[in-house]
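In case you want the letters, here they are:
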Amino acid sequence: MDPQLLADPYPIFRWLREEDPIHRSELGFWVMTRYDDCRHVLIDKAFGQGDFVKNIQLFYDDSFDVLANPAYAWLSRVFVMQDPPTHTRLRGLVASALSLKRIRAMEPRVRELARGMLADLAGRPGANFIESFAYRFPTLVMCDMLGLEEHEFSDDLLTQLNQAIADTFPVFETRALNPDELSLANRQMEFLTAFFHDLFERRRSHPRDDLTTALVQAREGDASLSAEELSTSVIGLFGAGFETTAHMIGNGMYLLGEHPQERAKLTNNLQLAKAATEEIVRYESSLQATYRTALADTVVAGHEFAAGDRILTIVAAANRDKAVFTRPEAFVVDPREEKPLTFGGGIHYCVGAELARLEGRVFLEELFTAFPNFQVDTANARLREAFLFRGFEHLPVTLQ
Ligand code: HEM
């Protein structure tokens, strides 16, 4: 949480990659920054999630009652924190909802939402882009996906849901929360759980042709899936598609403001929107890192890890590894062959990666088509104070 480090973590990432690529943190875990090492840990089955309670106690102490906190109890059940076979069973539930075919079919609706929201923003010069667009766009896409009708989510409710996710997601961070943060996260988790339970009840009694009804029916046809698992997965989906995608869009807007030459490439050729999205998530990954636990004694890059060792794989550092990327420290809007690690790898590879890519590309296409002279006030941008989910809390933008 060192403010200087949060403002620009890349010099220290570079130093770690070059001088201390398997670094022992005082916080009690290992830190990896090289592309090949991070990829190895993400895809090798010798690494998994391990003992959730112990992993969280690392940030507090052994007496901290992790599962007595609703926000951590929820996190312990989210499938990204599970190993097979539970992970496999729960991932299957949402993976079909996010298949490539389904995502492609969503494009016209995603475009309509982006277009409408950008038009609204155009009436408010200098508005905070993060609040007015970056957070709301992925949330609306997710509400639409789940089949929430407009009368089921007022503007106020949408703001409340956004805030609840934002207040709860610090439980993913690599640190202890202070007592105020923790009690807020717990309260907001109770609000989210009640909201989704209520929605499931409505769909159970009045089934419709939407994803929520399909999930409720999947549960009724599958005795192995509890009501709690269902609401945990949906809150996870709602949240996972939110902090990460919101900051991908916010970071993208900022980068275009800071790099006029790269922006000009897009102005001249919108076919580059896909490559630009990929470069945004590589260069300024909205999710900076993820963790794994060694499930058995294992060697990576000559280093011996003991079963139970905890490892932070900093994908944002791996994405700038000169052993893999040409011009790693430059933001370049051209197609690249190399694949960033932003969406992870192995069995936990981001199940929403195609949706995120679609949202990024459609946003750029709509922005450059309708408002090619948009202005980004980067001098007045303010970053969030967080390590794991990297992005802005304030970014004034004028669309014209
Ligand atoms: C730019 C946007 C996004 C980024 C950077 C991102 C990144 C990631 C990463 C790195 C992982 C792997 C975590 C790990 O290995 O521990 C992951 C997993 C996941 N993501 Fe995303 N994500 C994004 C958008 C989305 C969206 C839009 C959704 C849902 C609609 C989503 C849903 C998930 C889920 C459910 C998992 C857990 C998968 C599993 O454990 O099998 N993500 N994401």
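Trainee: Looking at this structure, I do not really get the sheet that holds strand E8 (residues 310-313). What am I missing?
Mentor: To summarise the sheet geometry, strands pair through backbone hydrogen bonds and adopt either a parallel or an antiparallel arrangement. Reading across from one edge, E1-E2-E8-E5-E3 is the order of the five strands in this open sheet, with mixed pairing throughout. In this open sheet, the two strands that pair with only one neighbour each are strand E1 (22-24) and strand E3 (47-48). As defined by bridge partners, E3 adjoins strand E5 (residues 290-294) across two bridges and the pair is classed as antiparallel. Its bridge partner being in E5, Gly-48 is matched across the sheet by Thr-293.

Trainee: Got a minute to help me understand the pairing of E5 in this structure?
Mentor: In summary, the side chains of a regular strand alternate between the two faces of the sheet. For E5, the tally of buried residues reaches five of five residues, placing the bulk of the element in the interior. Neither face of E5 is open: one carries Thr-290, Arg-292 and Ala-294, the other Tyr-291 and Thr-293, and all of them are buried.

Trainee: Can you walk me through the site of the ligand in this structure?
Mentor: Taken together, the neighbourhood of the ligand is formed by 26 residues, with Gly-241, Thr-244, Gly-344, Cys-350 and Gly-352 sitting nearest. Only helix H6 (86-95), helix H13 (227-240), helix H14 (243-258) and helix H18 (353-370) provide two or more residues apiece to the shell around the ligand.

Trainee: For this particular structure, what's the right way to read the nonpolar core?
Mentor: When a protein is soluble and globular, its nonpolar side chains tend to lie buried together. Core analysis: the largest hydrophobic core is formed by 102 residues, its most contacted members being Met-32, Cys-38, Ala-134, Phe-137, Leu-312, Ile-314 and Leu-395. If you tally residues by element for this core, the top one is H18, at eight residues.

Trainee: Please clarify how the environment of Gly-48 should be interpreted in this entry.
Mentor: Summarising the element assignment, Gly-48 is placed in strand E3. Separated by 245 residues in the primary sequence, Gly-48 and Thr-293 place their C-alpha atoms 5.3 Å from one another.

Trainee: Honestly, the environment of Arg-310 in this entry has me stumped. Any pointers?
Mentor: Within the secondary structure, Arg-310 is located in strand E8. Look at Arg-310 and you get buried, because 20 C-beta atoms sit within 10 Å. If near-sequence neighbours (up to four positions away) are discounted, Arg-310 is found in contact with Phe-29, Trp-30, Asn-55, Leu-58, Tyr-291 and Thr-293.

Trainee: When you look at the packing of H14 against H18 in this model, what are you seeing that I'm missing?
Mentor: Helix packing geometry: the angle between the two helix axes and the distance between the axes. Contact geometry for H14 and H18: axes closest at 10 Å, N-to-C directions at 30°. One way to sum up the angle between H14 and H18 is to call them roughly parallel. As H14 runs across H18, the sense of the crossing is right-handed. Of the residues in H18, those touching H14 at Thr-244, Thr-245, Met-248, Ile-249 and Gly-252 are Ala-356, Glu-359, Gly-360 and Phe-363. Classifying every residue of the contact of H14 with H18 gives four nonpolar, four polar and one charged.

Trainee: Sorry if this is basic, but what is going on with the sheet that holds strand E4 (residues 127-128) here?
Mentor: As summarised here, the arrangement of the three strands in space is E4-E12-E9, forming an open sheet in which the pairing is antiparallel. Both outer strands of the open sheet, E4 and strand E9 (375-376), are each paired with one neighbouring strand and no more. Where E9 and strand E12 (residues 396-398) come together, two bridges link them in antiparallel fashion. Its bridge partner lying in E12, Gln-375 is registered against Thr-398.

Analysis parameters
Residues numbered from 1 in each chain as written. Predicted model: local features only at pLDDT ≥ 70, side-chain atom pairs only at ≥ 80, totals over all residues. Pairing = 2+ DSSP bridges. Helix = DSSP H or I, 4+ residues; strand = E, 2+ residues; numbered from the N terminus. Buried ≥ 20, exposed ≤ 12 C-beta atoms within 10 Å, placed from the backbone. Near = placed C-beta within 6 Å. Core = buried A, V, L, I, M, F, W, Y, C linked by C-beta atoms within 7 Å. Contact = placed C-beta atoms within 7 Å. Axes fitted to C-alpha atoms, helices over the stretch in contact; angles between N-to-C directions. Parallel < 35°, antiparallel > 145°, perpendicular 65-115°, else oblique. Left-handed = near helix turned anticlockwise from the far one by under 90°. Nonpolar A, V, L, I, M, F, W, Y, C, P; charged D, E, K, R; others polar.

Note that all results are geometric; they support no functional claim without further evidence.
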